[in-house]
Amino acid sequence: MVLCSPVDMGLGWRLFARPVISRLDSEKSHDLALSTLSRFDRSQYGKSLLSRMFKSPELPIHALGRLFHHPLGLAAGMDKGAKALSAWPALGFSWIEYGGITRYPQDGNPKPRMFRANSERALVNSMGFNNPGASSVRDSLISRRSSGNWPNVPVAANIGRSKKVDNEQAPADYASTLETLWNHADMFVLNVSSPNTPGLRDLQHESFLNDVLKHCISVRKKYDSQKPILLKLSPDSSDEQISQMADSAISSGLDGIVATNTTISRPEPNNTQSRIAFSQNGGVSGRPLHQRSLEVISNLYEYTNGDVAIVGVGGIDSTESAWKSITSGASLIQLYSGLVFNGPGVTSKIVRGLKNRVSENGFSGITEAVGYKHS
Ligand SMILES: Cc1cc2nc3c(=O)[nH]c(=O)nc-3n(C[C@H](O)[C@H](O)[C@H](O)COP(=O)(O)O)c2cc1C
C-alpha cells in the first residue's frame, strides 16, 4: 500500500514517530516503525513531505573517494534488510549503511533481544544478525533499482559472518556475501566486532583477520573496482589490538575503519529499568559508549597520522558529541541510538549545529575540523 493523502500521511507519521521516539525498546515497535517508513520509501509524496520536515543543511565533505552532503549517516542495524533505503535521506541522513547481511538467511537470537535504559540513553541488543540473507537482499535491491527508487546518497553494506559457519570458513563466507552484494552498494563494511554471534570477535585476531581481508580484497580485484572496503572494530579491544588491526587493514589495502561497534561493558545503572536492561546479554550502544568511541577514533587518527578514513559511531546524539567525534579524527559519522532517543529531527539538528561550529571556528569547511584536536 502506498500512503497518498495527508490524513494517511499523518497516520503513517504517528505510527512511525511514536514507536521510534518512545518505544523502541520493543522490537515490535521497531518493526512497525520500519514498515511504516518503508511505505514512505515507496511514496514520492511521502518522501518529499519528510524531506520538507527534516532536510539537513549542506556541509560537504570528500571522503572515501566520494562527495557526501554532510558527514552524518545512518549506522548499521537500523535497516537490516534495506527495506526503507530511500526514506533515510528524506530524514536528513547523507549516507546509509544497510545490514548486517550474512551469506545465509538467519532468524537471529531468541526474543526479547532489544532493551532500553532511558536514563542512560542506552540500548542493549543481542539481535544476532537477523536478516534475509545476501541473495534475498540482492534481489530486492535489484528490483528497487529497476523501479527507480535507489537513494541519491552513498550506500554502504554491512557484512557479518553467518552463524552456522565456523571461523575457519569465515573468509569464504564474507567473500561470498561481498560478491553477492558487490553491485548493490557503493562501499562495504566488514563487521568482525558484533558481540552477538558466538566467536565472531575472535576474527579480530591477526591470523583470522588477515585471511578475511585477503579474501575480500580478492573480490574487489576480480571486479577491477575501487569501491571502498572498511573494517568495523570493537570498543572492547585494547588500544594495542586496535593498532594491530589498523596495521592489518592498511597492509591488506582496506580504505577505512569504523569505530566502533557496541560494547559488552556495562555502566552503573541509575534505576531499575536500567538495571534490567544492563543485566541482559548483548552490546550496549548510545551515550555510555561515546567516551570509548572517542578514544578509539583518537588513537586510530594518531596511529595512522590521519591517513586512513575513520567513520566515528557510538553515542552521537548532539552537535557536541558529533563535533568531538570529528575533531578526534572521524571524517564521517553515524548514529543509531541517537535516533531512538531523540527522534527523527536529530539529524538536521546535529548538522545545523556542526555548520555553526565550523563558522564559529573560522574554518572554510567541515574538512578542516577533522582531527583538529590533534593539531
Ligand atoms: C539493535 C541494534 C542492531 C545493530 N546491528 C548491527 C549490525 O548488524 N552490524 C553492525 O556492524 N552494527 C550493528 N549495530 C551497531 C551500530 O551500528 C552502532 O555501531 C552502535 O549502535 C553504536 O552507535 P550508537 O551509539 O549511535 O547506537 C547495531 C546496533 C543496535 C542498537
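Values in this document were obtained by computation on a predicted structure and should not be read as measured data.

Procedures and definitions
Residues numbered from 1 in each chain as written. Predicted model: local features only at pLDDT ≥ 70, side-chain atom pairs only at ≥ 80, totals over all residues. Helix = DSSP H or I, 4+ residues; strand = E, 2+ residues; numbered from the N terminus. Rg over C-alpha atoms; globule rule 2.2 N^0.38 Å. Buried ≥ 20, exposed ≤ 12 C-beta atoms within 10 Å, placed from the backbone. Contact = placed C-beta atoms within 7 Å. Near = placed C-beta within 6 Å. Nonpolar A, V, L, I, M, F, W, Y, C, P; charged D, E, K, R; others polar. Core = buried A, V, L, I, M, F, W, Y, C linked by C-beta atoms within 7 Å. Pairing = 2+ DSSP bridges. Right-handed = clockwise from strand over helix to strand, strands pointing away. pLDDT = per-residue confidence, 0-100. Axes fitted to C-alpha atoms, helices over the stretch in contact; angles between N-to-C directions. Arc of directions from axis to C-beta. Parallel < 35°, antiparallel > 145°, perpendicular 65-115°, else oblique. Left-handed = near helix turned anticlockwise from the far one by under 90°.

Student: Teacher, can you tell me more about the overall build of the chain here?
Tutor: Within the chain one finds 13 helices and 13 strands. Against the globule reference of 21 Å for 375 residues, the chain gives a C-alpha radius of gyration of 19 Å, in line with a compact fold. By principal-axis analysis of the C-alpha atoms, the chain measures approximately 55 × 50 × 50 Å. Residues classed as buried in the chain amount to 53% of the 375 residues present. Counting only contacts in the chain whose residues sit at least 6 apart along the sequence, the fraction spanning at least 24 positions is 74%.

Student: What is the right way to read the site of the ligand from this model?
Tutor: Neighbouring residues of the ligand: 27 residues in total, closest G77, G100, S285, Y336 and S337. Looking at the shell around the ligand residue by residue, the classes come out as 11 nonpolar, 15 polar and 1 charged.

Student: What am I meant to see in the nonpolar core here?
Tutor: For soluble globular proteins, the rule of thumb is that nonpolar side chains tend to be buried together. Ranked by size, the top nonpolar core spans 104 residues in total, and within it F188, L190, I257 and I310 carry the most contacts. Broken down by element, this core gets its largest block of residues, 6 residues, from helix α10 (residues 287-303). Among all residues touching L190, those that are not within four sequence positions of it are I159, Y174, V212, C216, I229, L231 and K232.

Student: Sorry, what's going on with the environment of A117 here?
Tutor: Among the structural elements, A117 can be located in strand β5 (residues 114-117). Remark: the alpha-carbon pair of A117 and Q273, spanning 156 residues in sequence, is separated by 6.1 Å. Setting aside chain neighbours within four positions, we find A117 in contact with A122, V124, P269, Q273, S274, A277 and F278.

Student: How do you make sense of the pairing of strand β12 (residues 309-313) when you look at a structure like this?
Tutor: Looking down a regular strand, the side chains alternate between one sheet face and the other. By the criterion of burial, β12 is predominantly enclosed, with 5 of the 5 residues buried. Burial along β12 is two-sided: the face carrying A309, V311 and V313 and the face carrying I310 and G312 are both buried. Where strand β10 (residues 256-259) and β12 come together, 4 bridges link them in parallel fashion. Bridge assignment links I257 to a residue of β12, and that residue is I310. Relative to strand β13 (residues 332-335), β12 runs parallel, the two sharing 3 bridges. For G312, the partnering residue across the bridge sits in β13 and is I333. Assessed by its sense of winding, the connection that carries the chain from β12 through helix α11 (residues 319-328) to β13 is right-handed.

Student: What exactly am I supposed to notice about the pairing of strand β7 (residues 155-159) here?
Tutor: For β7, the buried fraction is high: 5 of the 5 residues fall into the buried class. Side chains of β7 alternate between two faces, with V155, A157 and I159 and A156 and N158 buried alike. Sheet topology note: the β7/strand β8 (residues 187-191) ladder contains 4 bridges and is parallel. Counterpart to I159 in the pairing with β8 is L190. Once you follow β7 into helix α6 (residues 170-181) and on to β8, the crossover reads as right-handed.

Student: Sorry if this is basic, but what is going on with the environment of R103 here?
Tutor: Mapped onto the secondary structure, R103 falls in the loop between β4 (95-101) and β5. Residue R103 is classed as buried on the basis of its 24 C-beta neighbours within 10 Å. Residues contacting R103, with those up to four places away along its chain left out, are G133, A134, S162, D173, S176 and T177.

Student: Before we go on, may I ask you to explain the confidence of the model for the chain in this structure?
Tutor: The predicted coordinates ought not to be read in detail in places where the model reports low pLDDT. Scored by pLDDT, the chain has a mean of 93; 93% of the residues are at 70 or more. For the stretch residues 1-15, pLDDT sits under 50, and the model shows 20 contacts to residues farther than four places along the chain or on other chains.

Student: Looking at this structure, how should I read the sheet that holds β4?
Tutor: Either a parallel or an antiparallel arrangement is found when strands of a sheet pair, and the pairing is made through backbone hydrogen bonds. As summarised here, the arrangement of the 8 strands in space is β3-β4-β7-β8-β9-β10-β12-β13, forming a closed barrel in which the pairing is parallel. When the angles between neighbouring strand axes are averaged without regard to direction, this sheet yields 25 degrees. Contacts from helix α8 (residues 239-252) reach β9 (229-233) and β10 within the one sheet, and its direction differs from that of β9 by about 165 degrees.

Student: Would you take a moment to explain helix α3 (residues 44-54) for this structure?
Tutor: In an α-helix, one turn spans 3.6 residues, which is why side chains three or four residues apart end up on the same side. Taken residue by residue, α3 has G46, K47 and L50 as its buried positions. Buried residues along α3 cover an arc of 95 degrees about the axis, so they all sit on one side. Exposed residues pointing more than 90 degrees away from the buried face of α3 are listed as Q44 and R52.

Student: Explanation requested: the packing of helix α7 (residues 206-223) against α8 in the structure shown.
Tutor: Between two packed helices, what matters for the description is the angle formed by their axes and the separation of those axes. In the contact formed by α7 and α8, the axes pass within 10 Å of each other and the chain directions differ by 25 degrees. One way to sum up the angle between α7 and α8 is to call them roughly parallel. Here α7 runs over α8; the crossing is right-handed. Residues E206, L209, N210, L213, K214 and I217 of α7 lie in contact with α8, whose contacting residues are Q244, M245, S248, A249 and S252. Split into classes, the residues belonging to the contact of α7 with α8 amount to 5 nonpolar, 4 polar and 2 charged.

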